[in-house]
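Observations on the three-dimensional arrangement
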Amino acid sequence: MVKYATIAITNKCNSRCTMCNIWKTGITPTEINAEQFGDLFKQDYFKDIIDASISGGEPVLRKDAIDVVKSIIDNLPALKHLWVNSNGTYPKRVLALLESVYGKIENEYLCLSIEGRPEDMHKVRGINCYDSVIQTAKLIREQLPKINVVFSTTITPHNSNIANLEHVAELASKYGCTYTFRFANNNDDFYHNSDVNLCIPEEDVTTIMDFSRKFKADDKFIAAQHNFFKTGQIDIMDNCLAGSEFVFVRPDGTMTPCINSGRVISKPMVIKDLGTKEKCPCCTECCFYPMLSHKQSKQK
């Protein structure tokens, strides 16, 4: 049974990010409606999902985002963790969405993209949205205090200066938020960015890894990235369970093993050649954390 699902309810996006071309070339022509999302997740192989991540594009650009999300979670009886990922450009829409599900799931999270200091964030995101992200964080912390707010930074050549990580770490502390970061990666199946140079200067990688050991010494995801840059491998991903333990659902209702795979599957299945046809291992949370959870449950 699938335990984890990342669900992109739309690929429409109002950001113009340097590391991602979803907004330009990745728009899905067809988006299924709320009722169809409900019908999809009524299928038996989804009944044991414990972790669902609502993503995009920018999810709240859908006028029916509230109906879509409610339709999804109403059909996931085992759900314990709900994530909503947003660029924070529409604070009131994000608030309305989270209000509609507030208290229904044991653990509810809002993950906000913030790429560093205002000027550097503008370079990365392509729009001036720093203030709206801060406003969104404050609004949720004040009005929906049980929501876990996470600041997430995607590191690119435009914001790899250590000052940006330190800045966001300070913001997270100030507003009572969690903080995580990862390096941008090339992926034509999701980000449509194979032509984008995402190489970080080696001296910046070293500085960032030093920072990560001090700031997030106990974070296994950060540790995995550190090892990836040292060895080119992530041990936990050697026998990837994408397509069986976790799946990625697109706005048109089609399902692939993960965001790094373009293979459409009709039902969860063991994909034996991941890494042969798709880039693997990857450094994305939606793959790493399900694998980590699976490993820990097997150890128990």
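Remember, it's a predicted structure, so these values are computed and weren't measured experimentally.

With that settled, consider helix H6 (residues 130-143). For H6, spanning 14 residues, the distance from its first C-alpha to its last is 20 Å, which sits close to the expected 20 Å at 1.5 Å a residue. Along H6, the residues that are buried comprise Tyr 130, Ser 132, Val 133, Ile 134, Thr 136, Ala 137, Leu 139 and Ile 140. Buried residues belonging to H6 abut helix H4 (91-101), strand S4 (107-113), helix H5 (118-125), strand S5 (148-155) and helix H7 (162-175).

Moving on: the pattern of salt bridges. Tallied over the entire structure, the rule returns ten salt bridges. Here Arg 62 and Glu 31 are joined by a salt bridge, their closest N and O atoms 3.7 Å apart. With a gap of 31 residues between them, Arg 62 in the loop between strand S2 (51-55) and helix H3 (65-73) and Glu 31 in the loop between helix H1 (22-25) and helix H2 (34-41) connect regions that are remote in the sequence. For Arg 62, a relative accessible area of 8% puts it in the buried group. Classification of Glu 31 by relative accessible area gives partly exposed; the value is 24%. Note that Arg 117 is salt-bridged to Glu 119, the shortest N-O span being 3.9 Å. Note on Glu 119: relative accessible area 44%, which makes it partly exposed. Here the salt bridges do not stand alone but share partners, grouping Lys 12, Glu 31, Arg 62 and Asp 64 into one network.

Time to look at the side chain of Ser 113. Tracing the backbone shows Ser 113 in strand S4. For Ser 113, a relative accessible area of 19% gives the class buried. Of note is the side chain of Ser 113, whose polar atom sits 3.3 Å from the side chain of Arg 125. Each residue touching Ser 113, except ones within four places of it in the same chain, is listed here: Ser 86, Asn 87, Met 121, Arg 125, Val 133 and Ser 152.

About the criteria used
- Residues numbered from 1 in each chain as written.
- Predicted model: local features only at pLDDT ≥ 70, side-chain atom pairs only at ≥ 80, totals over all residues.
- Heavy atoms only, no water.
- Helix = DSSP H or I, 4+ residues; strand = E, 2+ residues; numbered from the N terminus.
- Expected span 1.5 Å × (residues − 1).
- Buried < 20%, exposed > 50% of the residue type's maximum accessible area, 1.4 Å probe, protein only.
- Contact = heavy atoms within 4.5 Å.
- Salt bridge = Lys/Arg side-chain N within 4 Å of Asp/Glu carboxyl O.
- Polar contact = N/O pair within 3.5 Å; in protein donor to acceptor, adjacent residues only side chain to side chain.

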